[in-house]
Amino acid sequence: MHDQAQAAQHAAPTGFIRKHVFSLDHKVIGKQYYGLGLGAVLIGMGLSWLMRIHLVWPNTAIPGLQLLSKVGAPGGVMTPEYYLQLMTMHGTLMVFFVLTNVPFAGFGNYFLPIQIGAEDMAFSRFNMMSFWTTFVAFLVLMAAFFVGDGPPLAGWTAYAPLSAVGADSGPGEAFGQTLWAISIALFCVGQLLGSLNFISTTLDLRTKGMTLARMPISTWAWFITSCIGLLAFAVLLPACLLLILDRVAGTSFFIPANLLVSDHLQPHSGGSPLLWQHLFWFFGHPEVYIAILPALGIVSHILINS
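Residues numbered from 1 in each chain as written. Predicted model: local features only at pLDDT ≥ 70, side-chain atom pairs only at ≥ 80, totals over all residues. Heavy atoms only, no water.

Draft legend 1. Here's a closer look at the overall build of the protein. Per the secondary structure count, the protein includes eight helices and two strands. Traced from its N-terminal end to its C-terminal end, the protein shows the element sequence α-α-α-α-α-α-α-β-β-α. By principal-axis analysis of the C-alpha atoms, the protein measures approximately 70 × 45 × 40 Å. Expressed as a percentage of the 306 residues in the protein, the buried residues total 51%. Within the protein, counting contacts between residues at least 6 apart in sequence, those at least 24 apart form 75% of the total. Total accessible area on the protein stands at roughly 14,000 Å², and carbon and sulfur atoms take up 70% of it. (Helix = DSSP H or I, 4+ residues; strand = E, 2+ residues; numbered from the N terminus. Buried < 20%, exposed > 50% of the residue type's maximum accessible area, 1.4 Å probe, protein only. Contact = heavy atoms within 4.5 Å. Areas by Shrake-Rupley, 256 points an atom, 1.4 Å probe, with all protein chains shown as cover.)

Written as structure tokens, this is what we have:
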């Protein structure tokens, strides 16, 4: 099948925006993913510094922190709740936008077509859509810093009912937690588009003579990661949608009956907090391999050929 298949043909870009911003070139998109990951890791590193400063000097004012959150850091002194909010954002950035993005989408987009002799990815426009969906997810997550009482404090795992009941559960659990859920849902869409593209490219666009057994080990790593991601993110996406419905539409997927939070009886019934854990960790356990397999494949490929 790969003998007849061809990558989607697209004309050479003629302007700066088409060449460097909304590009269909797999190399440019790989660099965009890498740039997004670099930005996310710098922000995440900054948040970790703030948390460590607070652990060493808990009552010391951090200059400028009150500009980020007057409620969470009055006078520059971080509150315990704001520490949890920063930890949530740090974990989300590192797990989703760094560990998942860079080894898989960044390096994979750049090198996989080259390693199998393809001109480009199978679906160039899907490839572009995958990155920009992920970028919008990043912007939505960052917007949580600047709304209401700040970002969520439920941790990067967002366990229900803490993440599902709204503002009663603490600072950042109003609109900030909703933005978190929207961001992760968009991230899942981007990853599903990317996984489909990687699988299609690997199976259909290999050059003549490039059998599966002859593929480099790094290509195998990206291919297997795509298959795992297709299953894992397909479950996390509806889980995030159900969480959003619990928060804004009054449903009760994750909120049990007679739940009392901050002296307020929650108007929900019939939900199960364990349902969120089952759905989330259907993604969470494979996520370990989504993060590590591309790195293992790249390092193994370098060692084998050095």
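Draft legend 2. Region of interest: the packing of aromatic side chains. As enumerated under the stated definition, the model contains 25 aromatic pairs in all. Where Phe 233 meets Phe 283, the ring centres are 5.2 Å apart and the plane angle is 50°; that geometry is what we call tilted. On the criterion of sequence distance, the pair formed by Phe 233 in helix H7 (residues 217-248) and Phe 283 in helix H8 (residues 273-304) is long-range, its members being 50 residues apart. Each member of the pair, Phe 233 as well as Phe 283, is classed as buried. Ring centres of Phe 280 and Phe 283 lie 5.7 Å apart, and the angle between their planes is 75°; on these two criteria the pair is classed as edge-to-face. Here Phe 283 and Phe 280 lie together in helix H8, a separation of three residues that amounts to about one turn. On the basis of relative accessible area, Phe 280 is assigned to the buried category, the value being 0%. Overall, Phe 283 belongs to the buried group, its relative accessible area being 0%. (Phe/Tyr/Trp six-rings, centres within 6.5 Å; stacked < 30°, edge-to-face > 60°.)

Draft legend 3. Examining the side chain of Ser 23 more closely. Relative to the helices and strands, Ser 23 resides in the loop between helix H1 (16-21) and helix H2 (26-56). Residue classification places Ser 23 among the buried positions, given a relative accessible area of 2%. From its side chain, Ser 23 meets the backbone nitrogen of Asp 25 in a polar contact 3.0 Å long. Apart from the residues lying within four places of it in its own chain, the contact partners of Ser 23 are Arg 18, Val 28, Ile 29 and Met 128. (Polar contact = N/O pair within 3.5 Å; in protein donor to acceptor, adjacent residues only side chain to side chain.)

Draft legend 4. Structural context of the environment of Val 28. By the element assignment, Val 28 lies in helix H2. In this view, Val 28 contacts Lys 19, His 20 and Ser 23; residues no more than four positions away in its chain are not counted.

Draft legend 5. Quick peek at the side chain of Thr 202. As for its placement among the helices and strands, Thr 202 is situated in helix H6 (residues 175-204). You can call Thr 202 buried: its relative accessible area is 0%. What Thr 202 contacts, discounting residues up to four positions off in sequence, is Leu 112, Ile 116, Met 215, Thr 219 and Phe 223.

Draft legend 6. Layout of the environment of Ser 300. Within the element layout of this structure, Ser 300 appears in helix H8. Residues Ser 300 and Ser 218 lie 82 residues apart in sequence; the distance between their C-alpha atoms is 7.4 Å. At a separation of 2.7 Å, a polar atom in the side chain of Ser 300 contacts the main-chain carbonyl oxygen of Leu 296.

Draft legend 7. Molecular detail of a nonpolar patch on the surface. A grouping of Tyr 34, Leu 38, Leu 42, Met 45, Trp 49, Ile 53, Leu 55, Val 56, Trp 57, Phe 107, Phe 111 and Ile 114 is seen on the molecular surface, where their side chains present a nonpolar patch of about 1,200 Å² in accessible area. Looking at the nonpolar patch, the elements that each hand over two or more residues are H2 and helix H4 (80-116). Examining the composition of the nonpolar patch, we find that eight residues originate from one element, H2, more than from any other. Along the chain, the position of Phe 111 falls in helix H4. (Patch = residues over 30% accessible without salt bridge, like charges linked within 9 Å, V, L, I, M, F, W, Y side chains within 5 Å. Salt bridge = Lys/Arg side-chain N within 4 Å of Asp/Glu carboxyl O.)

Draft legend 8. The environment of Gly 166, seen in detail. Within the secondary structure layout, Gly 166 lies in the loop between helix H5 (124-143) and H6. In this structure, the C-alpha to C-alpha distance between Gly 166 and Val 248, residues 82 residues apart in sequence, is 8.7 Å.

Draft legend 9. Structural detail: the nonpolar core. Formed by 72 residues in total, the largest nonpolar core has its most connected members in Met 78, Leu 86, Leu 93, Phe 96, Phe 97, Leu 236 and Trp 276. If you list the elements that add at least two residues to this core, you get H2, H4, H5, H6, H7 and H8. Among the elements that make up this core, the one with the highest residue count is H4 (14 residues). Apart from the residues lying within four places of it in its own chain, the contact partners of Leu 86 are Leu 47, Leu 50, Met 51, Met 78 and Phe 145. (Core = buried A, V, L, I, M, F, W, Y, C linked by side-chain atoms within 4.5 Å.)

Draft legend 10. Spatial organisation of unusual backbone geometry. Put simply, Ala 160 and Pro 161 share a cis peptide bond, and its omega is 5°. Relative to the elements of secondary structure, Pro 161 occurs in the loop between H5 and H6. With a phi angle near 60°, Asn 258 is a residue other than glycine that sits in the positive phi range. The topology assignment puts Asn 258 in the loop between H7 and strand E1 (260-261).

Function cannot be inferred from these measures alone, as they are strictly geometric.
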